[in-house]
Amino acid sequence: MEVFEAISARKSIRRYKEDHVSMDLLEYVLDAARLAPSWHNKQGWFFIVLTDESRKLLAGALDDTNPCKNALTQAPVSIILCADPEQSGNCEGKSYYLVDAACAMENLMLAAIEKGLGTCWVAGDLNEGFVKKTYGIPDNIRVVAISPMGYPAYQPKPRPRKSIQEIAFLNGWGKQF
Ligand SMILES: Cc1cc2nc3c(=O)[nH]c(=O)nc-3n(C[C@H](O)[C@H](O)[C@H](O)COP(=O)(O)O)c2cc1C
């Protein structure tokens, strides 16, 4: 699969089949994650991969209104994306742990697509304290996002995106691309 094909095929998946996801595939997507860029190559990211029944507890971290809540009890795998802010570092008032973790997670999500697996970045109304307590995550570590992972039970329609002209300038701010 070409990279752009994976990028355009990736969509947030909120319903999953029960089908098992092999350890080989889990290693494959984690390998993609660990190859991501990070500030000063600090790699301050961590992934908790949940494959046992404990994964279903993750749904308790979300409000009932979160559209991905049920997916966390359906999907055969869930991933908790964590980061160590101290390890990732800061520069000119910018804390890079969110950036580093997001780069790694995007790699993971694209590698998943290549293997037919769906994911959904979930961070809205995430009860971080609940996730940390439930899975024994140390105080100094932040939970950046969670995601179910498994074989999609449907194919969602693509969500709208801004045009290139709305988001890109050529040779200076405000200059039409
Ligand atoms: C930071 C962030 C937080 C998100 N939080 C949630 C969430 O809590 N629940 C959910 O169902 N989707 C969540 N999403 C997924 C977005 O809704 C989704 O990526 C967006 O609507 C575009 O759709 P697509 O991923 O299918 O292209 C989140 C995405 C990001 C990047």
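All figures in this text were calculated on a predicted structure; none of them were measured in a lab.

Here we come to helix α6 (residues 128–135). Residues of α6 that are buried: Glu128, Val131, Lys132 and Tyr135. Down the axis of α6, the smallest arc covering the buried residues is 95°, so these residues share one side. Along its buried surface, α6 packs onto β1 (45–50), β2 (77–83) and β6 (142–150). Sitting at the amino-terminal end of α6 is Asn127, which places a side-chain oxygen 3.3 Å from the backbone nitrogen of Gly129. Positive phi shows up at Gly136, right after α6, with a value of about 65°.

Here we come to the packing of aromatic side chains. Here a ring pair, both rings aromatic, is described through the centre-centre distance and the interplanar angle of the planes. Evaluation of the coordinates by the stated rule reveals two aromatic pairs. Seen in terms of ring centroids, Trp39 and Tyr96 are 5.4 Å apart; in terms of plane orientation they differ by 25°. Their pairing is stacked. Placement of the pair is Trp39 in the loop between α2 (23–34) and β1 and Tyr96 in the loop between β4 (94–95) and α5 (97–114), with a sequence separation of 57 residues. Relative accessible area serves as the criterion here: at 25%, Trp39 is assigned to the partly exposed category. In this structure Tyr96 comes out as buried when scored by relative accessible area, which is 18%. Consider the rings of Phe169 and Trp173, whose centres lie 4.4 Å apart with planes at 65°: the pair is edge-to-face. Under the relative-accessibility criterion, Trp173 is labelled exposed at 78%.

As a further point, take the site of the ligand. Ser12, Arg14, Asn66, Arg159 and Arg161 are the nearest of the 14 residues found near the ligand. At a separation of 2.9 Å, an oxygen atom of the ligand approaches a polar side-chain atom of Arg159. In the environment of the ligand, an oxygen atom lies 2.8 Å from a nitrogen or oxygen atom belonging to the side chain of Arg161. Counted by class, the shell around the ligand contains six nonpolar, three polar and five charged residues.

With that settled, the discussion passes to the pairing of β6. Judged by how many residues are buried, β6 sits mostly within the fold: eight of nine residues are covered. Here β2 runs beside β6; their pairing, made up of seven bridges, is antiparallel. Of the residues in β6, the one forming a bridge with Ser78 is Pro148. Across two bridges, the pairing between strand β5 (residues 118–119) and β6 is antiparallel. Looking at the pairing, Gly118 lines up with Gly150 of β6.

Reading across the sheet, the four strands line up as β1-β2-β6-β5 and stay open at both edges, with antiparallel pairing between neighbours. Looking at the sheet topology across the chains shown, the edges are occupied by β1 and β5. The sheet contacts of α2 involve β1, β2 and β6, and relative to β1 the element is tilted by about 165°. Strands in contact with α5 are β1, β2, β5 and β6; relative to β6, the strand with the most contacts, it is inclined by about 5°.

Conventions we followed
- Residues numbered from 1 in each chain as written.
- Predicted model: local features only at pLDDT ≥ 70, side-chain atom pairs only at ≥ 80, totals over all residues.
- Heavy atoms only, no water.
- Buried < 20%, exposed > 50% of the residue type's maximum accessible area, 1.4 Å probe, protein only.
- Helix = DSSP H or I, 4+ residues; strand = E, 2+ residues; numbered from the N terminus.
- Arc of directions from axis to C-beta.
- Contact = heavy atoms within 4.5 Å.
- Polar contact = N/O pair within 3.5 Å; in protein donor to acceptor, adjacent residues only side chain to side chain.
- Phe/Tyr/Trp six-rings, centres within 6.5 Å; stacked < 30°, edge-to-face > 60°.
- Near = heavy atom within 4 Å.
- Nonpolar A, V, L, I, M, F, W, Y, C, P; charged D, E, K, R; others polar.
- Pairing = 2+ DSSP bridges.
- Axes fitted to C-alpha atoms, helices over the stretch in contact; angles between N-to-C directions.

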